[in-house]
Amino acid sequence: MPDHGHRHGPGPGFRPPWWPEGEAFPPDSGEQWRAARGRFLRRIALGIGLFLVFVFVVGWLGAVFGGGFHRGGQGGRFFPGFWLIPLLLLVGFLIFGRAVRRTAGPIGEVMDAAARVAEGDYSARARVEGPPDVRDLARAFNRMAERLQTNEEQRRNLLADVAHELRTPLSVIRGRVEGMADGLYEPGGDDLALIGAETTVMARLLDDLQLLSNAEAGALRLHRERIEPGELIETAEAAHRAEAAERGVALRTELEPGLPTLDVDRVRIGEVLANLISNALRHTPAGGAVIVAADLDEGGVAFRVADTGEGIEPDALAHVFDRFARSPESRGSGLGLAIAKSLVQAHGGTIAAESQPGRGTTIRFVLPALPSDAR
C-alpha cells in the first residue's frame, strides 16, 4: 500500500548513537571542512608564490648588481652589495625549508597513522602539531580513529553478547532433542512446548537485534503521521491497565493541556512507551505507583515514565541504554532500553534516565513538535 505523505528514515535532528557527544550532527554538511581545506590550499599557494617572487627579486638584484662588476688591467671587482645576494638566497631557502618541514612533518605523521589504521591498528593516533590547519587535520583523524576503535569494540562485544544470549536456549533445545533421541524423554506436549518456547526466545532476540541495527544505522523505515501526544499516552495506559491491576500497582497518567501535535511513527513510539511502562511495572512492588506523563518542553513534547520502585544504582544507571544491560534478576534480553533510545533518536529526539536507589526511576524522552505553521 502506498504511503502518501509519510516520510521514511531518520527525521530532522537524527543523531547516530556512535556520533561523539558535544558535536553537532550532521557536521554542517562539510562546509566547515571545505572552508578549512580552502584556507590550507590558499596558504600553500601563497607560500609558494612568495618564494617564487623572492627568487625573482633576488635574481633581478643580481642582474642589476652584476652591472657593477667591471674589469681593469689587474682583473675585476664586484660591487660591494653583490655579496648580499647569495646570502639572501640562503636565508630564503632556509625559511622556506623550515616552513615546508613544519607542514610536511605533521602531515607525514597523519599518513603513517592512516596506514596503521588501514592495517587494522585502530589505536593509532597522529601527533597534533604544526600549523593550525594541520593540527585540525590531526585532531579530525584522531577522532575518526577513536570512533573506528569504539565501533570495533562494540562489534566484538555484540558478537560475544549474542553468542551468550543464544547459548542458553540452544542448550535447552539440544538437551531435550538428544534426550528424546536416547529415549530419556518421551516425545510429548510438554517437551515440544518447551522447545517451541525456546525457539520463540531466540526469534524475539534476533528480531530485536535487527530492529536495533536498523535504527542505529538510520535505515529504519518510519511511517510518520500527525498525532496528539494525549492519544499516545492513553493508548499506552490502556494496554497496561490489566497488568498494573494484577501487580497491585497504581497506573496513572498526567497530561498537560495544549500540547503541540507530533509527527511520529505511532507504532514505534508506542513500542517505546510500552517498553518503559513494562519495565516500570516489573520493578515496582505492590502498592507502588507508575506515572505516565507528557508536558511541554522547549521545541517539543517531553514524555515521562516514573515509578516508585527499587531504583537503579549509580554505576548501572550510566549503562541502562547499553545493549544487553540488565539487572541480575531481569529475565529480558537487555535490549529494550537500547531499542527505545534508538527509536527516539530516529525521530530526532533525546532520552535520559534519572534514578535514586530505593526511591524509583524516571525515564524521560523528548520528541520535536511540528512547526506551528505545519499543524
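Described below are features of the structure shown in this document. (Residues numbered from 1 in each chain as written. Predicted model: local features only at pLDDT ≥ 70, side-chain atom pairs only at ≥ 80, totals over all residues. Heavy atoms only, no water.)

So, on to the overall build of the protein. In terms of helices and strands, the protein carries 8 helices and 9 strands. Looking at the protein residue by residue over its 375 residues, the buried ones come to 34%. In the protein, the proportion of contacts linking residues at least 24 apart, taken out of those at least 6 apart, comes to 69%. Accessible area for the protein stands at about 22500 Å²; split by element, carbon and sulfur atoms hold 58% of it. (Helix = DSSP H or I, 4+ residues; strand = E, 2+ residues; numbered from the N terminus. Buried < 20%, exposed > 50% of the residue type's maximum accessible area, 1.4 Å probe, protein only. Contact = heavy atoms within 4.5 Å. Areas by Shrake-Rupley, 256 points an atom, 1.4 Å probe, with all protein chains shown as cover.)

Quick look at the packing of aromatic side chains now. In total, this model carries 1 aromatic pair according to the counting rule given. Taking 5.1 Å as the distance between ring centres and 15° as the angle between the ring planes, the aromatic pair formed by Phe 303 and Phe 365 counts as stacked. Residue Phe 303 is found in strand E7 (residues 300-307), and its partner Phe 365 is found in strand E9 (residues 360-368); the two are separated by 62 residues along the sequence. By relative accessible area, Phe 303 is classed as buried at 0%. (Phe/Tyr/Trp six-rings, centres within 6.5 Å; stacked < 30°, edge-to-face > 60°.)

As a further point, take the pattern of salt bridges. Taken as a whole and assessed by the stated rule, the structure comprises 12 salt bridges. A salt bridge links Arg 116 to Asp 121; the nearest nitrogen and oxygen atoms lie 2.9 Å apart. The class of Arg 116 is partly exposed, set by a relative accessible area of 39%. For the salt bridge of Arg 127 with Glu 129, the shortest nitrogen-to-oxygen distance reads 3.9 Å. Through salt bridges with shared partners, a single ionic network connects Glu 225, Glu 231 and Arg 266. (Salt bridge = Lys/Arg side-chain N within 4 Å of Asp/Glu carboxyl O.)

In contact at an axis separation of 9 Å, helix H6 (residues 266-282) and helix H8 (residues 336-346) are set at 145° when each is read in the N-to-C sense. Between H6 and H8 lies a crossing whose hand is left-handed. Across the interface between the two elements, Arg 268, Glu 271, Val 272, Asn 275, Leu 276 and Asn 279 from H6 touch Gly 336, Leu 337, Ala 340, Leu 343 and Val 344 from H8. Grouping the amino acids of the contact of H6 with H8 by side-chain chemistry returns 6 nonpolar, 3 polar and 2 charged. (Axes fitted to C-alpha atoms, helices over the stretch in contact; angles between N-to-C directions. Left-handed = near helix turned anticlockwise from the far one by under 90°. Nonpolar A, V, L, I, M, F, W, Y, C, P; charged D, E, K, R; others polar.)

Mapped onto the elements of the fold, Gln 356 is located in strand E8 (residues 350-356). Take Gln 356: its relative accessible area is 42%, and that puts it in the partly exposed class.

Now for the nonpolar core. With 52 residues, the main nonpolar core has Leu 232, Leu 262, Phe 303, Val 305, Phe 365 and Leu 367 as its most contacted residues. When residues no more than four places from it in sequence are discounted, the contact partners of Phe 365 are Ile 269, Val 272, Leu 273, Leu 276, Val 301, Ala 302, Phe 303, Val 344, Thr 350 and Ile 351. Of all hydrophobic cores here, the second largest spans 8 residues; its members include Val 110, Ala 126, Ala 138 and Phe 141. (Core = buried A, V, L, I, M, F, W, Y, C linked by side-chain atoms within 4.5 Å.)

Moving on: the side chain of Glu 237. Turning to its location among the elements, Glu 237 is positioned in helix H5 (residues 229-247). Ignoring anything within four residues of it in the chain, the contact list for Glu 237 reads Leu 251 and Thr 253.

The 5 strands lie next to each other as E4-E6-E7-E9-E8, forming an open sheet whose pairing is mixed. Two strands in the sheet have a free side with no partner beyond their single neighbour: strand E4 (250-255) and E8. Neighbour-to-neighbour, the strand axes of this sheet turn through a mean angle of 15°, independent of strand direction. Relative to E9, E7 runs antiparallel, the two being bridged by 7 bridges. Following the sheet pairing, Phe 303 is matched in E9 by Phe 365. (Pairing = 2+ DSSP bridges.)

What follows concerns the packing of helix H4 (residues 189-216) against H8. Running from N to C, H4 and H8 point in directions that differ by 30°, and their axes come no closer than 9 Å. The orientation of H4 with respect to H8, classified from their angle, is roughly parallel. Like other packed secondary-structure pairs, H4 and H8 cross with a definite hand, here left-handed. Across from Asp 208, Leu 211, Leu 212, Ala 215 and Glu 216 in H4, the residues of H8 making contact are Ala 338, Ile 339, Ser 342 and Leu 343. For the contact of H4 with H8, a count of residues per class yields 6 nonpolar, 1 polar and 2 charged. (Parallel < 35°, antiparallel > 145°, perpendicular 65-115°, else oblique.)

Glancing now at the pairing of E8. Going residue by residue along E8, you find Ile 351, Ala 353 and Ser 355 tucked away on one face and Thr 350, Ala 352, Glu 354 and Gln 356 left uncovered on the opposite face. The pairing of E8 with E9 spans 7 bridges and is classified as antiparallel. Residue pairing for E9: Ser 355 is matched across the bridge by Thr 361. Between E8 and E9, which pair antiparallel and follow one another directly, the connecting turn spans 3 residues, one of which, Gly 358, has a positive phi of 85°.

Between the first and last C-alpha of H6 there are 24 Å, a value that for 17 residues agrees with the 24 Å anticipated at 1.5 Å per step. Between the side-chain oxygen at the start of H6 and the backbone nitrogen of Val 267 there is a gap of 3.0 Å, and the oxygen is on Asp 265. (Expected span 1.5 Å × (residues − 1). Polar contact = N/O pair within 3.5 Å; in protein donor to acceptor, adjacent residues only side chain to side chain.)

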